[in-house]
Amino acid sequence: MSLLRDKMNRLRGNIREEENQPGAVVPATEEKVAQLPEDDEEWLSPVWETFDVKLVTNEIGSFLLRKIIYPSDFRHGHHALVELHEAAPALSAFHPDSLTSAEQIMFLDLETTGLGVGAGNVPFMVGIGYLSKDQFVIEQALIRHPAEERAMLHYLMGKLNDYTFLSTYNGKTFDWPLVQNRFIMNGLGQKMWEPQHLDFLHPARSIWRNTLVSCKLSHVEEERLGIHREDDVPGSLAPQLYFQFLANGDPAPLEGVFRHNEIDMLSLACLAIRFGHLLNGTIKLYIPLPDEPEEMVRTGLWLERMGKMELPDHLFDLAMKEENSKPSTLVMLAARDKKAGNWDRAVLLWQKAIIHSSNHFGSAAHEASIELAMYYEHKIKDFESALGYANAAFEHALNHSQLIRHDAKKRAELDALRNRIARLRRKSTKHVH
């Protein structure tokens with residue numbers, strides 16, 4: 001907090017120095033900052049009212065608050081907010097001992113002065129969202145200087161106990177630990193609320209890590225949720241705009257930060273809907289199933305890890321039938337089938353991966369060849385076939401010997417292949433005799 005206060009004081013000092021220069025033109029907003037005593041918490045620039053920001057005072061002090069109410073039938077991209085009621089119960093898969101309802105979820109997104117959860121990083125805006133009857137409510141609290149932080153956090157603390165689940169995007173690692181640290185630093189206690197986390201960054205990465213360019217929320221929104229922002233202020237610019245406000249007192253640029261945070265909150269709700277529908281197995285009632293084989297497989301694998309079995313089987317069958325599946329996708333599904341004991345499909349997938357790699361025998365085909373060598377040696381006792389696949393894998397490894405020289409794991413794998421080939425030759429000879 002002291003770092004932020006020091007920066008604010010330096011900025012104010014710069015403004016006053018400029019005002020004392022001969023011929024300096026002081027914008028109206030700077031004039032207001034110069035004329036406004038720092039302890040006058042009741043004064044509020046009329047500019048705030050243009051984007052519905054009000055002054056809120058509680059027993060601790062003052063801060064600013066913007067409240068937006070959306071009807072439940074509001075559609076944000078592919079989903080309507082009312083779908084939360086149907087999707088939320090399935091989110092219990094994140095916490096099998098808890099029963100989830102839409103009204104028990106608080107959505108949280110912060111705008112901060114920096115990165116990390118250390119003492120120098122201050123959340124200057126706290127956005128929360130929640131369902132209330134037939135409405136989705138977004139509240140955005142903002143501090144005009146460090147002295148208002150405690151009042152803002154006190155307001156947030158009064159909301160928490162009404163909810164069981166905290167929905168965020170990387171909030172388990174960033175947003176919530178930062179809020180906890182600010183509670184402690186402001187003397188508001190350490191363990192006033194222990195939420196059940198619904199951090200949607202992790203399933204997003206599980207499903208889309210290789211399908212999308214990035215798993216940043218803005219990319220997921222546009223590519224998978226049908227949300228297209230217009231004239232959006234990037235989150236990375238929010239601290240700069242906030243410090244600009246501290247410097248000149250003009251709230252106008254912060255309207256874009258409020259709007260950015262607002263869309264983040266709506267998108268969090270839509271992610272809850274998307275993952276809830278997937279876990280329910282009802283996604284086809286709202287949007288088409290994935291049409292990219294890797295996304296099919298990764299979605300199925302994530303659902304299985306979450307304890308859901310029906311939809312994954314359908315997704316795996318679709319991926320198996322796709323002609324344009326990448327060898328790496330086929331090998332990934334084969335690994336799942338091997339673990340489940342579904343050897344017939346695993347073998348077909350490994351063979352298909354090699355066929356799809358006919359023009360470029362890459363790492364996926366290499367892995368498939370080793371798996372088939374093991375399968376034919378140990379399961380089928382077909383040593384000739386096993387030897388053929390082992391030789392193919394060994395040849396690929398030799399072609400990449402420059403890489404192997406610097407990789408102990410690869411060297412060990414090459415030695416294991418040599419031993420396997422020698423053993424298979426002995427077995428094959430005995431089998432013939």
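The coordinates are above.
These numbers were taken from a predicted model, which means no experiment stands behind them.

Student: Go over the nonpolar core with me, naming the residues and quoting the values.
Tutor: Phe136, Tyr169 and Phe275 are the most contacted members of the largest nonpolar core, which has 82 residues in total. Tallying contributions element by element places helix 9 (residues 254-280) first for this core, with eleven residues. Not counting chain neighbours up to four residues away, the residues in contact with Phe275 comprise Leu91, Phe200, Pro203, Ala204, Ile207, Trp208 and Trp302. By size, the runner-up hydrophobic cluster in this structure holds 44 residues, among which are Val122, Leu142, Trp193 and Leu246.

Student: So, the environment of Gly235: which residues are in play, and what are the values?
Tutor: Assignment of secondary structure puts Gly235 in the loop between helix 7 (217-225) and helix 8 (238-248). A relative accessible area of 29% means that Gly235 is categorised as partly exposed. Considered as a pair, Gly235 and Thr112 are 123 residues apart in the sequence and their alpha carbons are 9.4 Å apart. Those residues in contact with Gly235, other than ones at most four positions away along the chain, are Glu111 and His260.

Student: Which residues make up the pattern of salt bridges, and what are the values?
Tutor: Going through the model one piece at a time under the given rule, you end up with 21 salt bridges. Of the charged contacts in the structure, one is a salt bridge between Arg298 and Glu294, with a shortest N-O distance of 2.9 Å. Here Arg298 pairs with Glu294, and both are found in helix 10 (residues 293-305), just four residues apart, close to one helical turn. You'll find Arg298 and Glu294 in the same group, each marked buried. Between Glu377 and Lys427 there is a salt bridge; the shortest N-O distance is 2.9 Å. Taken as a pair, Glu377 in helix 14 (residues 363-380) and Lys427 in helix 17 (residues 408-432) lie far apart in primary sequence, 50 residues in all.

Student: Would you mind going over unusual backbone geometry in detail, with residue names and values included?
Tutor: At Asp52, a residue that is not glycine, the phi angle is positive and equals roughly 65 degrees. Along the chain, Asp52 falls in the loop between helix 2 (28-35) and strand 1 (53-57). Note on Asp52: relative accessible area 47%, which makes it partly exposed. Positive phi, close to 75 degrees, is recorded for Asn170, a residue that is not glycine. Here Asn170 shows up in the loop between strand 8 (165-168) and helix 5 (175-185). When its relative accessible area of 27% is taken as the criterion, Asn170 is described as partly exposed.

Student: Describe the pairing of strand 5 (residues 105-112), naming the residues involved and giving the relevant values.
Tutor: Counting buried positions along strand 5 yields eight of eight residues, so the element is predominantly enclosed. Side chains of strand 5 alternate between two faces, with Ile105, Phe107, Asp109 and Glu111 and Met106, Leu108, Leu110 and Thr112 buried alike. As paired strands, strand 5 and strand 8 are joined by three bridges and run parallel to one another. Bridge pairing in strand 8 places Phe107 opposite Ser167. Both strand 5 and strand 6 (residues 123-132) contribute to a ladder of six bridges, which runs antiparallel. When the bridges of strand 6 are listed, Leu108 appears paired with Ile128.

The rules we used
Residues numbered from 1 in each chain as written. Predicted model: local features only at pLDDT ≥ 70, side-chain atom pairs only at ≥ 80, totals over all residues. Heavy atoms only, no water. Core = buried A, V, L, I, M, F, W, Y, C linked by side-chain atoms within 4.5 Å. Buried < 20%, exposed > 50% of the residue type's maximum accessible area, 1.4 Å probe, protein only. Helix = DSSP H or I, 4+ residues; strand = E, 2+ residues; numbered from the N terminus. Contact = heavy atoms within 4.5 Å. Salt bridge = Lys/Arg side-chain N within 4 Å of Asp/Glu carboxyl O. Pairing = 2+ DSSP bridges.

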